[in-house]
Amino acid sequence: MGTPMILKIVLTDGTCQRLTLSNGLPESIKDLIGEVKTQCGLQGNIRLQFMDSLFGNEFLNLTSLSEVADKETLKVIDMSMPTTTQHEDYIVLDLVQDSEVPSASSVNHSLLSDGSVDTDVLSSNESTSSRSSWPPVFYVPKFPYDAELKLEKASMAYNQNGTVLIPDPKLKSTILDGLVQEIVQYKVYVSDKEMDQVAQSLIKKHPCLTERGSTTGCGGWKTSLKYKLANYRTKLRKLGCPEVTVNSLKNKPVGRCSAAFGVKKAKRAEVNFCPIYPSEETEESLEVMRNALLFDIKKRNNRELVKLKMEKTFAYRRHEIVRDAPMVEALMARWPALFDIREINAEFKRITTIPLQSKFLSQLDLHFNNLMKLFKRRGGQLGQKLKQIV
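Residues numbered from 1 in each chain as written. Predicted model: local features only at pLDDT ≥ 70, side-chain atom pairs only at ≥ 80, totals over all residues. Heavy atoms only, no water.

Visitor: Looking at this model, I keep getting lost on the nonpolar core. Mind explaining?
Guide: A general tendency of soluble globular proteins is for nonpolar side chains to be buried together. Counting 34 residues, the largest nonpolar core has Ile-175, Leu-179 and Ile-183 as its most contacted members. Those elements giving two or more residues to this core turn out to be helix H2 (145-161), helix H3 (169-183), helix H4 (192-205) and helix H5 (219-239). With six residues, H3 is the single largest residue contributor to this core. Not counting residues within four places of it along the chain, the set of residues in contact with Ile-175 comprises Phe-143, Leu-151, Leu-202, Leu-209 and Trp-221. Within the second largest apolar cluster, 19 residues are counted, among which are Leu-11, Ile-33, Leu-42 and Val-68. (Core = buried A, V, L, I, M, F, W, Y, C linked by side-chain atoms within 4.5 Å. Buried < 20%, exposed > 50% of the residue type's maximum accessible area, 1.4 Å probe, protein only. Helix = DSSP H or I, 4+ residues; strand = E, 2+ residues; numbered from the N terminus. Contact = heavy atoms within 4.5 Å.)

Given below as structure tokens:
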């Protein structure tokens, strides 16, 4: 069993995802590609590239696993996808450099079926964040150099005579800060189970930090982490982080102004829960784009333009859904494009970073045999219908 590793994967749509290798690097590049496909929900023929520091951090084709180190950045290249696609009624220009997010001054020109040119929409991968789902194995980051020296010295003493380290306030604060910075890469509201996982990972990597008298060996670290993360959320609230400001007292209903009432936080599968607005965009400008979408969806052969605008307004739409929790009827009136099957798939991937259909079908294949056994055991009228279907 190899040393656990974590990699940053740049996907073909410009978004990023973390790849956790609990057992270390696979034996071959082919196996690594298979792991990337599995965890990132990818299909088809892909190639991996690594960031080469010798050439100004440009991406070069990965030909040896020796180029892959912990926290390395790998880029996915879809071998079946052309860089420029042309359709009969419109032309869409793709960005060649996937790693660069276009600025708000960049203009994407789309030739519509009526011959007019629309220049008010941007390629919009910048509207989504680069977060990924909570990892099965939490990776404890490296701390500042002086802190690592103290921990290394304490580890030697622990291995020799079992002496545990009682960290001084500065060292403890440094460790907590490092862990919190790693946690918020995934989410700002962490469950008790997840916090326990972080604390357990800490004492597993640094056994010298194990607490005597604690049943788990890390109960105090877990409590300190909760307070540290809560204080960090206060800082984020002052900076206007939408995931935190949505739970501020001014957004609570009248008469229920309590910090603990109706806390809105990401569910288990939600990664991009309440992202920030794209750069140089405001609520007013995104509302104008939403109104334009109401007319764009009625035009024929306008799929690409609708897709780009839906991507651009993702953060604005999420704020509305999270903050106001509108009824389906009201949501359908304001965002009719969202109820198209292609946009349902796209929105699901924006929120969870997982492709809906391929993930569902792969899990259906996985549980197919058990489902068939369950259907055959079912009795009554429903059982008869299931037998006909089977």
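Back to the write-up after that little detour.
Visitor: What is the right way to look at the side chain of Gln-49 in this model?
Guide: One can find Gln-49 in strand S3 (residues 46-52). Its relative accessible area of 13% is what places Gln-49 among the buried residues. Among the polar contacts made by the side chain of Gln-49, one reaches the side chain of Asn-61 at a distance of 2.9 Å. (Polar contact = N/O pair within 3.5 Å; in protein donor to acceptor, adjacent residues only side chain to side chain.)

Visitor: It is not clear to me how helix H9 (residues 314-324) should be interpreted in this structure. Could you clarify?
Guide: Every α-helix winds through 3.6 residues per turn, so residues three or four apart in the chain are directed the same way. Counting buried residues in H9 gives eight out of 11 residues, a clear majority hidden from the surface. Looking at H9, one finds that the buried residues are Phe-314, Ala-315, Tyr-316, Arg-317, Arg-318, His-319, Glu-320 and Val-322. Where H9 terminates, the next one or two residues include Ala-325, which has phi positive at roughly 50°.

Visitor: Help me understand the packing of helix H7 (residues 283-296) against helix H8 (residues 303-312) in this model?
Guide: Interhelical geometry of H7 versus H8 gives an angle of 155° and a closest axis separation of 10 Å. One element, H7, and the other, H8, form an angle in the roughly antiparallel class. In the crossing of H7 with H8, the sense of the turn from one axis to the other is left-handed. Residues Leu-286, Met-289, Ala-292, Leu-293 and Asp-296 of H7 lie in contact with H8, whose contacting residues are Leu-305, Val-306, Lys-309, Met-310 and Lys-312. (Axes fitted to C-alpha atoms, helices over the stretch in contact; angles between N-to-C directions. Parallel < 35°, antiparallel > 145°, perpendicular 65-115°, else oblique. Left-handed = near helix turned anticlockwise from the far one by under 90°.)

Visitor: Which parts of the structure should I look at to understand the packing of aromatic side chains?
Guide: The relation between two aromatic rings is expressed through the spacing of the ring centres and the mutual angle of the planes. Inspection of every chain in the model, using the stated rule, returns five aromatic pairs. Aromatic rings pair up to connect Trp-134, Phe-138 and Tyr-186 into one cluster. One cation-aromatic arrangement involves Lys-172 over Trp-221; the distance from NZ or CZ to the ring centre is 5.7 Å. Against the face of Tyr-139 rests Lys-205, its NZ or CZ located 5.5 Å from the ring centre. (Phe/Tyr/Trp six-rings, centres within 6.5 Å; stacked < 30°, edge-to-face > 60°. Lys NZ or Arg CZ within 6 Å of the ring centre and 35° of its normal.)

Visitor: Looking at this structure, I do not really get the sheet that holds strand S1 (residues 5-10). What am I missing?
Guide: Strand pairing in a sheet takes place through backbone hydrogen bonds and is either antiparallel or parallel in direction. Across the sheet, five strands lie side by side as S2-S1-S5-S3-S4; this open sheet has mixed pairing. Each having just a single partner strand, strand S2 (16-21) and strand S4 (58-61) make up the two edges of the open sheet. If you compare each strand with its neighbour and ignore which way they point, the axes differ by 35° on average. Here six bridges tie S1 to S2, and the two strands are oriented antiparallel to one another. (Pairing = 2+ DSSP bridges.)

By themselves these figures say nothing about function.
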